[in-house]
Amino acid sequence: MSSAETHPKRLIEVDLPIERISSHARREKSIRHGHISTLHIWWARRPLAACRAVILATLWPDPADTRCPERFRREAAQRLRALRDRRGGTPRRWEDPLELRSALLDFIADFANWDLSNDKDYLETSRALVQIAHESLGGAPGTRPLVVDPFAGGGAIPLEALRVGADAFASDLNPVAVLLNKVVLEYVPKYGQVLADRVRQIGTAIRERAERELGTFYPGNAEGTPIAYFWARTVLSEAPGQGSIAVEVPLLSSMWIAKKANRKYALRWVRGSDGKVKTRIATVEYADGSDHKVRQPLLELFQPKSVRDVEAGTSLGGAASCPVTEFTTAVESVRAQLTPRRGGASDARLICVATSRAGHPGRFYRMVTHEDEAAARAASAELSQRLEMHSGDLALIPDGQLNHLRGFFNVVLYGMTRWGDMFSPRQALALTTLVRMVNEAGEHPTNETTPDFTAAVQTCLALVVDRQAEKLSSVARWDTSRENAQGTFGRQALPMVWDFCEANPFSGSGGDWDTALDWVVRVLENTAVGTEGKIGDGHVERASATAHPLPNDSAQAVVTDPPYYAAVPYADLSDFFYSWLRRSLRGRHDDLLGPSLTPKEEEIVSLSHRAAMYREKNNAWFEEKMGQACREGRRVCSPSGVGVYVFASKETPAWEAMLAALANAGWVVTASWPIDTEMGSRLRARDSATLASSIHIVCRPRENSDGSLRVDAVGDWRDVLSELPGRIHEWMPRLAAEGIVGADAIFACLGPALEIFTRYSRVEKASGEAVTLKQYLEDVWAAVAKEALAMIFSGVDATGFEEDARLTAMWLWTLSTSGKSSDGEEAERGEDEEDETTAVRANAAGFFLEYDAARKIAQGLGAHLEALRTLVEVKGSIARLVPIAGRTRSLFQKGEAVTASGRNKAKKKTGQLSMGFVADLEEAEESGGWGDTGAPQKGETILDRVHQAMILFGAARGEALRRFLVDDGVGRDERFWRLAQALSALYPASTDEKRWVDGVLARKKGLGL
Ligand SMILES: C[S@@+](CC[C@H](N)C(=O)[O-])C[C@H]1O[C@@H](n2cnc3c(N)ncnc32)[C@H](O)[C@@H]1O
């Protein structure tokens, strides 16, 4: 028995308006001003909409539960009626508990709206109901419910707990996250608008002083004020026979500078009348101390009329192609040259400048002047001097080491191994100056301020420095379509950027100090309103979730969003900011900022494949540590309390580890809700299934009323298995109705499946042998696959479809999305809104799934991947459903040695695929002798035949298609058309597959079939 059976159910255990909450969560993503996500970068932040809704539904009992306290029913009805009278809404029969439930759920859905998040009426109503729920569920009068988040990150969950009147306890292992929580949960509620005003005032004064000190290093001229400088790292061309003076190749990923429909600027090489690229001789001194006389190819700006006027850049896949010698220096040599120069940011070549002009909207571009070059050199000299003069225990520029996380921190491959290497000399000069001034601001508290207030102000200013640093690193790019400086962390990684953009911190435009300050202050102001009035206490600590500081049974709810397995290396990423925070806040927060880098050992991430130092952090380690954390969560949660764990991953091993951790920790899953937050776009994009939803797994401690763990609930394996299909069968249509399909729906089924299994402390076979969760999950995947297939083919008679057709259909469905976006409102776009789109799920190279997911789906359908080698290819951890064009050879050239899985064709470059298939077909026509008169030999399965017809259509072989369908009788098989129809609904729009299958379907009638 768990508390779910002895205590009234909470709303979240019976229902949640997931579609409406999801819609608000998606919309919130693009509302940036004042949103805590703009206070400071934190990775994989939760939308506040989802947090607020989930917390309320967790703290409020279900009025339709017979055990719901009458006081809650009565007072909830009164409050909601009063709100309805003031604000309008549906008339209700308030005395009907089911109607009251739906009124509460409506309130939750409405209040998830960002526009209402600071609305007084909604704030007061939610707080009153939280208090009433708490007291009527047994909380001592006057106390508040405590919501605990042991993986608090950027603080979304605890902030929302405070907003609705609960106490919040936020902890995280990471000191940067802890500081962010401190600002949001402690400083802002305590100092409100006064803090915001003071930060703006001192921040503005800092800008004025810094500009006086550094302004000459950013000289403007009649052509305007520089907004950003465009730099290119360089390498020496290794072309043989260049003579004694090598060409210095500026590494340009693209020649575009502005690429808007109505405004185009690009770089081009200056060529002589002979067409050759002109060069100038220069002597350059590289950061490794070497001097070189080089030939620098000359560039100029121009306004292209069309994209064809713009040449390719010089850097492709890391190799450097020389515009003068046309020689390509291999990526290995590029690395070898840049490594001793620590990435080459400090000896990069200044290329051109973006400016703004007072009274003239838009950006202007000009080539570099001598003054620009001299100013950059002077800044570098100034920095050298300051470095020489600097003394103290902390290096002036961050000197901590970056880990080489394969696939995440590629900059390390080019010699950027210390955090300071991320910055060019002028960037470092600006940042170290701002750091110094923020420190000084903390040294002189005035008479009216307390030391704590001064610390609060200084901490907020340190966050402004971080925001500035994020814009001011040598891996920040210029966005050619928005014409603004992007930050360092467009992704949760540090990829090498060859041509970087250096924002001018005093430009008066986006990317400068004032903008960074404004973003921070707006968050302080907005959060101040949401946490004003009678709210709970926020408490913040640095702690590992595996050893939680709170005593047993102290929380009414544990609501948390643990790390997503291998998706984000938080600690490593956060060292970028931590390195500056230690300097901006010298002498403050010593408990947090003592070590030279963030602690990593206890961070629960599965990164064994990324770096030697994380060798032990594999799947088993993740499961074990997450298990400890979940046990701690249960320990802290009162026996009558509720846990909510948010999880998102498209990797099946990640799910298995997370679920095993929860189940083994003694949590009983009582509900689960997918909330579509478009997480997929926040996690690393890849051409494979991405998830839009995160699953909120609701659970209760499997405990006796004294808090001890129950171990006597033994379940019968046969009962568990017989209940499973029915539960999935119920759940899938609900998901579909809420717009949750594909991979999202598959993972969203894990919750209900777990509800059955975790009811028991142990599930046993008749022999007495215990069943592991892993074993159970095999059956779950199979049940989900069967149910999904039934849904995909609903209305279609699928009898007679072979395993290849079933697998194809299921595969395409898994990759599908609902295509929903926010409610169509024009979202407010922020200056630094990330330009991330949901990962492409299909492209000309095929349809990708994680291999393990594909294997499980196949197993569930009774299909065998190994037997379908011309349809599915596996490479490492990725499985690919071969695009139809890539099957041409195997489908038409019967008898010819088709290499396993048709791999010879698949290797063609993406763009060549559609051309290649016609050549393959021609070959087959010739060798098969059916080109002019006959039709190809029929494929073995219905799917093969549908694909053959599609290829004939795609290659414009109308007559052969007719002969194939009519004369050979392929089109007389009803199953052929049923499958074609089903596939038409599954192939993503704008793929060849979709056009071709529709083309075949369109011919049916005309052919009299
Ligand atoms: C998904 S994030 C939380 C994001 C947060 N909900 C938000 O909206 O910003 C997971 C967090 O877990 C933290 N973490 C990882 N291992 C931890 C551990 N052992 N103890 C506590 N926190 C840990 C990471 O630092 C990260 O902040």
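The preceding data block contains the structure.
Residues numbered from 1 in each chain as written. Predicted model: local features only at pLDDT ≥ 70, side-chain atom pairs only at ≥ 80, totals over all residues. Heavy atoms only, no water.

Novice: How should I be thinking about the overall build of the protein chain in this particular structure?
Specialist: Of the regular secondary structure elements, the protein chain holds 31 helices and 29 strands. Its C-alpha atoms give the protein chain a radius of gyration of 31 Å, near enough to 30 Å, the size a compact globule of 1009 residues would have. When the backbone C-alpha atoms are referred to their principal axes, the protein chain occupies close to 90 × 80 × 55 Å. Relative to its full complement of 1009 residues, the protein chain shows a buried share of 62%. Sequence-distant contacts in the protein chain: of pairs separated by 6 or more residues, those separated by 24 or more amount to 76%. (Helix = DSSP H or I, 4+ residues; strand = E, 2+ residues; numbered from the N terminus. Rg over C-alpha atoms; globule rule 2.2 N^0.38 Å. Buried < 20%, exposed > 50% of the residue type's maximum accessible area, 1.4 Å probe, protein only. Contact = heavy atoms within 4.5 Å.)

Novice: Explanation requested: the nonpolar core in the structure shown.
Specialist: When a protein is soluble and globular, its nonpolar side chains tend to lie buried together. Of all hydrophobic cores here, the largest spans 325 residues; its most connected members are Trp60, Leu195 and Trp811. Sorting elements by how many residues they give to this core places helix H8 (residues 175–214) first, with 18 residues. Not counting chain neighbours up to four residues away, the residues in contact with Leu195 comprise Tyr187, Val188, Phe453, Ala456, Val457, Cys460 and Leu524. Judged by nonpolar contacts, the second largest core, of six residues, contains Leu236, Ala246, Ala282 and Val284. (Core = buried A, V, L, I, M, F, W, Y, C linked by side-chain atoms within 4.5 Å.)

Novice: How should the site of the ligand be read in this particular structure?
Specialist: Neighbouring the ligand are 24 residues; Arg46, Gly154, Asp172, Ala545 and Asp561 lie closest to it. Backbone polar atom of Gly154 to an oxygen atom of the ligand: 2.7 Å apart, as the coordinates give it. Here a nitrogen atom of the ligand and a backbone polar atom of Leu173 are 3.2 Å apart. Protein chains bury 100% of the 600 Å² of accessible surface belonging to the ligand in isolation. Looking at side-chain class alone, the shell around the ligand contains 13 nonpolar, five polar and six charged residues. (Near = heavy atom within 4 Å. Polar contact = N/O pair within 3.5 Å; in protein donor to acceptor, adjacent residues only side chain to side chain. Areas by Shrake-Rupley, 256 points an atom, 1.4 Å probe, with all protein chains shown as cover. Nonpolar A, V, L, I, M, F, W, Y, C, P; charged D, E, K, R; others polar.)

Novice: Looking at this structure, how should I read the packing of aromatic side chains?
Specialist: One pair of aromatic rings is described through two measures. These are the centre distance and the angle between the planes. Going through the model one piece at a time under the given rule, you end up with 37 aromatic pairs. Between Trp673 and Trp731 the ring centres are 5.7 Å apart and the planes differ by 70°, which places this aromatic pair in the edge-to-face class. Of this pair, Trp673 sits in strand S22 (residues 667–676) while Trp731 sits in helix H19 (residues 717–737), and the two are 58 residues apart along the sequence. One exposure class covers both Trp673 and Trp731, and it is buried. Every member of this aromatic cluster is reached through a ring pair, and the members are Trp42, Trp43, Phe409, Trp419, Phe423, Phe489, Tyr570, Phe576, Phe577 and Trp580. (Phe/Tyr/Trp six-rings, centres within 6.5 Å; stacked < 30°, edge-to-face > 60°.)

Novice: Before we go on, may I ask you to explain the packing of helix H16 (residues 619–636) against helix H17 (residues 652–664) in this structure?
Specialist: Any two packed helices are characterised by the angle at which their axes cross and by the distance between the axes. Between H16 and H17, the shortest axis-to-axis distance is 8 Å and the interhelical angle comes to 35°. In this structure, the crossing between H16 and H17 has a hand that is right-handed. Within the contact between the two elements, H16 uses Asn619, Phe622, Glu623, Met626, Gly627, Cys630 and Arg631 and H17 uses Pro653, Ala657, Met658, Ala660, Ala661, Leu662 and Asn664. In the contact of H16 with H17, the residues fall into nine nonpolar, three polar and two charged. (Axes fitted to C-alpha atoms, helices over the stretch in contact; angles between N-to-C directions. Left-handed = near helix turned anticlockwise from the far one by under 90°.)

Novice: I keep staring at the packing of helix H2 (residues 18–28) against helix H3 (residues 48–59) and nothing clicks. Help me out?
Specialist: Between H2 and H3, whose axes approach to 7 Å, the crossing angle comes to 145°. Counting all contacts with H2, which are made through Ile21, His24, Ala25 and Glu28, the residues of H3 involved are Leu48, Ala49, Ala50 and Ala53. Split by residue class, the contact of H2 with H3 holds six nonpolar, one polar and one charged.

Novice: Looking at this structure, I do not really get the pattern of salt bridges. What am I missing?
Specialist: Side chains that differ in sign of charge can pair as their charged atoms come close. Counted by the stated rule, this structure contains 72 salt bridges. Close ionic contact of Arg52 with Glu160 constitutes a salt bridge, the shortest N to O distance being 2.8 Å. Note that Arg52 is positioned in helix H3 and Glu160 in helix H7 (residues 156–163), a separation of 108 residues in sequence. Judged by its relative accessible area of 1%, Arg52 falls in the buried class. Where Glu160 meets Arg163, a salt bridge forms, and the shortest distance between an N and an O atom there is 2.8 Å. Taken as a pair, Glu160 and Arg163 lie in helix H7 at a separation of three residues, close to a single helical turn. The class for Arg163 is buried, based on a relative accessible area of 2%. Each member of the salt-bridge network shares a partner with another, and the members are Arg209, Glu213, Glu382, Arg386, Arg436 and Glu440. (Salt bridge = Lys/Arg side-chain N within 4 Å of Asp/Glu carboxyl O.)

Novice: Looking at this structure, I do not really get the pairing of strand S15 (residues 360–367). What am I missing?
Specialist: Moving residue by residue along a regular strand, the side chains alternate between the two faces of the sheet. As judged from the five bridges shared by strand S14 (residues 349–357) and S15, these two strands associate in the antiparallel manner. Bridging across to S15, Ala354 finds its partner in Tyr365. Counting the residues between successive antiparallel strands, the hairpin from S14 to S15 contains two residues, one of them, Gly359, with a positive phi of roughly 80°. (Pairing = 2+ DSSP bridges.)

Novice: I'm lost on unusual backbone geometry in this one. Help?
Specialist: Glycine aside, residues mostly have negative phi angles, and peptide bonds mostly take the trans form. A positive phi angle, close to 60°, is found at Glu326, a residue other than glycine. Along the chain, Glu326 falls in the loop between strand S12 (319–321) and strand S13 (328–329). Judged by relative accessible area, which is 68%, Glu326 ranks as exposed. Even without being glycine, Asp553 reaches a positive phi, approximately 55°.

Novice: In this structure, what is going on with helix H10 (residues 370–389)? I would like to understand it.
Specialist: For an α-helix, 3.6 residues make a turn, and residues three or four places apart therefore share a direction. Compared with the 28 Å implied by 1.5 Å per residue over 20 residues, the 28 Å span of H10 between its first and last C-alpha is a close match. Lining the buried residues of H10 we find H8, strand S3 (225–232), S14, S15 and helix H11 (425–443). (Expected span 1.5 Å × (residues − 1).)

Novice: Sorry if this is basic, but what is going on with the sheet that holds strand S6 (residues 256–260) here?
Specialist: Strands in a sheet are paired, the pairing made by backbone hydrogen bonds, and the direction either parallel or antiparallel. On the basis of which strands lie adjacent, the open sheet formed by three strands has the order S6-S7-S10 and antiparallel pairing. With one partner strand each, in any of the chains shown, S6 and strand S10 (299–302) form the two edges of the open sheet. Sheet twist, expressed as the average angle between the axes of neighbouring strands with direction ignored, equals 25°.

Novice: Help me out: how do you make sense of the sheet that holds strand S9 (residues 291–297) in this one?
Specialist: Taken in spatial order, the four strands line up as S4-S5-S9-S8 in an open sheet, and their pairing is mixed. For this open sheet the edge positions go to strand S4 (234–236) and strand S8 (279–285), each flanked by a neighbour on one side alone. On average, adjacent strands in this sheet sit at an angle of 40° to one another, irrespective of strand direction. Strand direction decides the pairing type here: S8 and S9, joined by seven bridges, are antiparallel.

Novice: Would you mind showing me how to read H11 here?
Specialist: In this model H11 runs 27 Å from its N-terminal to its C-terminal C-alpha over 19 residues, within 8% of the 27 Å that 1.5 Å per residue would give. With respect to burial, H11 is a largely interior element, 15 of its 19 residues being buried.

Novice: Any chance you could explain the side chain of Ser984 here in plain terms?
Specialist: Its place among the elements puts Ser984 in helix H30 (residues 974–986). Other than its neighbours up to four places away in sequence, Ser984 contacts Lys994, Val997, Asp998 and Leu1001.

Novice: Got a minute to help me understand the state of the cysteines in this structure?
Specialist: Two cysteines whose sulfur atoms are joined by a covalent bond form what is called a disulfide. With the rule as written, the count across this model stands at zero disulfides. For Cys68, which is in no disulfide, the shortest distance to another cysteine sulfur is to Cys637 and amounts to 19 Å. A relative accessible area of 4% places Cys68 in the buried class. Distance from the sulfur of Cys501, which forms no disulfide, to the nearest cysteine sulfur (Cys352) is 10 Å. (Disulfide = S-S within 2.5 Å.)

Novice: Where do I start with the side chain of Ser136 in this structure?
Specialist: One can find Ser136 in helix H6 (residues 120–136). The residues touching Ser136, leaving out its near neighbours within four places in the chain, are Pro69, Arg71 and Phe72.

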